[in-house]
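Structural overview for review
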Amino acid sequence: RVYPVDILYVNFLGDMVEGEGIFKGQSFQIDKPLTEQVLEGALWFSNLLRDFAGTFKEVRVRCVAGNHGRGYGRGESHPKTNWDTFIYRAAEQYLSGQKNVDFAIPDTSYLAYHIPEQEQFRHVIIHGDQARAWMGIPFYGMERAGARLQSMLGLTLDYIHAGHHHNEADWPSNRVEFLLNGSWVGGSDLSVNRLVRTSRPTQNLFLLHPKRGMVANYRIQMGEWTELTPDERGVYQA
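Mapped onto the elements of the fold, Val17 is located in the loop between strand E1 (7-12) and helix H1 (34-55). A sequence separation of 213 residues divides Val17 from Pro230, and the C-alpha atoms of the two residues are 33 Å apart. Beyond its immediate sequence surroundings of up to four residues, Val17 is in contact with Leu34, Gln37, Val38, His68, Gly69, Trp83, Asp84 and Ile87.

Here it is, written out as structure tokens:
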């Protein structure tokens, strides 16, 4: 009420679905077939954005695809074939009559933009699989990716947003803020059964000032830690 927020930016960072053909046996490790994920996901996210559009004067949606939305393994399908992109395109069609919702869906693995009301700050969103990590957050990998992006684009970047790693983190490096978002689902088959790691499902909400850039960062908790309880035999199960 003191400082009204009229414009909402929604960064979709990829991995909106879990594919079936990226690795052998993947189709047996998912809760829903890919077709149901895509159809329900497009409708669900459209309804979410429609709700936002009723609260804010403008909703600006910026999208990149993730590695889990690929049709098949790396190099086995067209690089633009990605079910994340299908969800974005479908949501855009569902909301075509919603005049205060704007989509930007690139053909590339990154999207650079600035907020017209804040032209001095430049943002880039990437999925995050460009930066490899083992047992943790890829601090150095993200910084290398950021330096390469700035060099390739010929732009000075202020904020680099990424997902992929299922852990939220943020840190400054020189004049760049690296902002890693959390995960809708928390742990995954890979993180739990191979890396023996999990995280609470979270999403990040940032407030941006026209002159000072990011001035607040709120972590939205989307679930609680699963509590293990013993059954009558003393066996602990989730």
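The rest of the description comes next.
Before going further, it helps to examine the nonpolar core. With 22 residues, the main nonpolar core has Phe12, Leu49, Val61, Ile87 and Phe103 as its most contacted residues. Listed by contribution, the elements that provide at least two residues to this core are E1, H1, strand E2 (58-63), helix H2 (83-94) and strand E3 (101-104). Tallying contributions element by element places H1 first for this core, with 6 residues. Apart from the residues lying within four places of it in its own chain, the contact partners of Phe12 are Phe45, Leu49, Val61, Arg62, Cys63, Val64, Tyr88 and Ile125.

Along the chain, Asn181 turns up in the loop between strand E8 (176-180) and helix H4 (189-193). Between the alpha carbons of Asn181 and Val38 there is a distance of 22 Å; along the sequence they are 143 residues apart. With near-sequence residues (within four places) excluded, Asn181 lies in contact with Leu13, Ala162, Gly163, Asn167, Glu168, Thr202, Gln203 and Asn204. From its side chain, Asn181 meets the backbone nitrogen of Asn204 in a polar contact 2.9 Å long.

Reading across from one edge, E4-E5-E6-E8-E7 is the order of the 5 strands in this open sheet, with mixed pairing throughout. Lying at the two open borders of the sheet, with one neighbouring strand each, are strand E4 (110-115) and strand E7 (169-173). Taken over all neighbouring pairs, the strand axes of this sheet differ in orientation by 20 degrees on average, direction set aside. Relative to strand E5 (residues 118-126), E4 runs antiparallel, the two sharing 6 bridges.

Residues Tyr159 and His161 of strand E6 (residues 159-162) are buried on one face, and the alternating residues Ile160 and Ala162, pointing to the opposite face, are buried as well. When E5 meets E6, the two strands line up parallel, connected through 3 bridges. Its bridge partner being in E6, Val124 is matched across the sheet by Ile160. Note: E6 against E8, 4 bridges, orientation parallel. Note on E8: the bridge partner recorded for Ile160 is Phe178.

Moving on: the packing of aromatic side chains. Taken as a whole, this structure holds 10 aromatic pairs when the rule is applied. Ring geometry for Trp44 versus Trp184: centroids 5.7 Å apart, planes at 90 degrees, classification edge-to-face. Here Trp184 lies in the loop between E8 and H4 and Trp44 lies in helix H1, a separation of 140 residues in the sequence. According to the relative accessible area criterion, Trp44 is partly exposed, its value standing at 48%. Using a relative accessible area of 37% as the deciding quantity, one classes Trp184 as partly exposed. An aromatic cluster is present here, built from Phe12, Trp44, Phe45, Tyr88 and Trp184 joined pairwise through their rings.

Moving on, we come to a nonpolar patch on the surface. The grouping of Val5, Trp44, Trp184, Val185, Leu205, Leu207, Val215, Tyr218, Ile220 and Met222 at the surface amounts to a nonpolar patch, some 930 Å² of accessible area in total. When contributions to the nonpolar patch are tallied by element, the ones reaching two or more residues are strand E9 (202-209) and strand E10 (213-221). When residues of the nonpolar patch are assigned to their parent elements, the largest contribution, 3 residues, is made by E10. By the element assignment, Leu207 lies in strand E9. In this structure Leu207 comes out as partly exposed when scored by relative accessible area, which is 33%.

What counts and how
Residues numbered from 1 in each chain as written. Predicted model: local features only at pLDDT ≥ 70, side-chain atom pairs only at ≥ 80, totals over all residues. Heavy atoms only, no water. Helix = DSSP H or I, 4+ residues; strand = E, 2+ residues; numbered from the N terminus. Contact = heavy atoms within 4.5 Å. Core = buried A, V, L, I, M, F, W, Y, C linked by side-chain atoms within 4.5 Å. Buried < 20%, exposed > 50% of the residue type's maximum accessible area, 1.4 Å probe, protein only. Polar contact = N/O pair within 3.5 Å; in protein donor to acceptor, adjacent residues only side chain to side chain. Pairing = 2+ DSSP bridges. Axes fitted to C-alpha atoms, helices over the stretch in contact; angles between N-to-C directions. Phe/Tyr/Trp six-rings, centres within 6.5 Å; stacked < 30°, edge-to-face > 60°. Patch = residues over 30% accessible without salt bridge, like charges linked within 9 Å, V, L, I, M, F, W, Y side chains within 5 Å. Areas by Shrake-Rupley, 256 points an atom, 1.4 Å probe, with all protein chains shown as cover. Salt bridge = Lys/Arg side-chain N within 4 Å of Asp/Glu carboxyl O.

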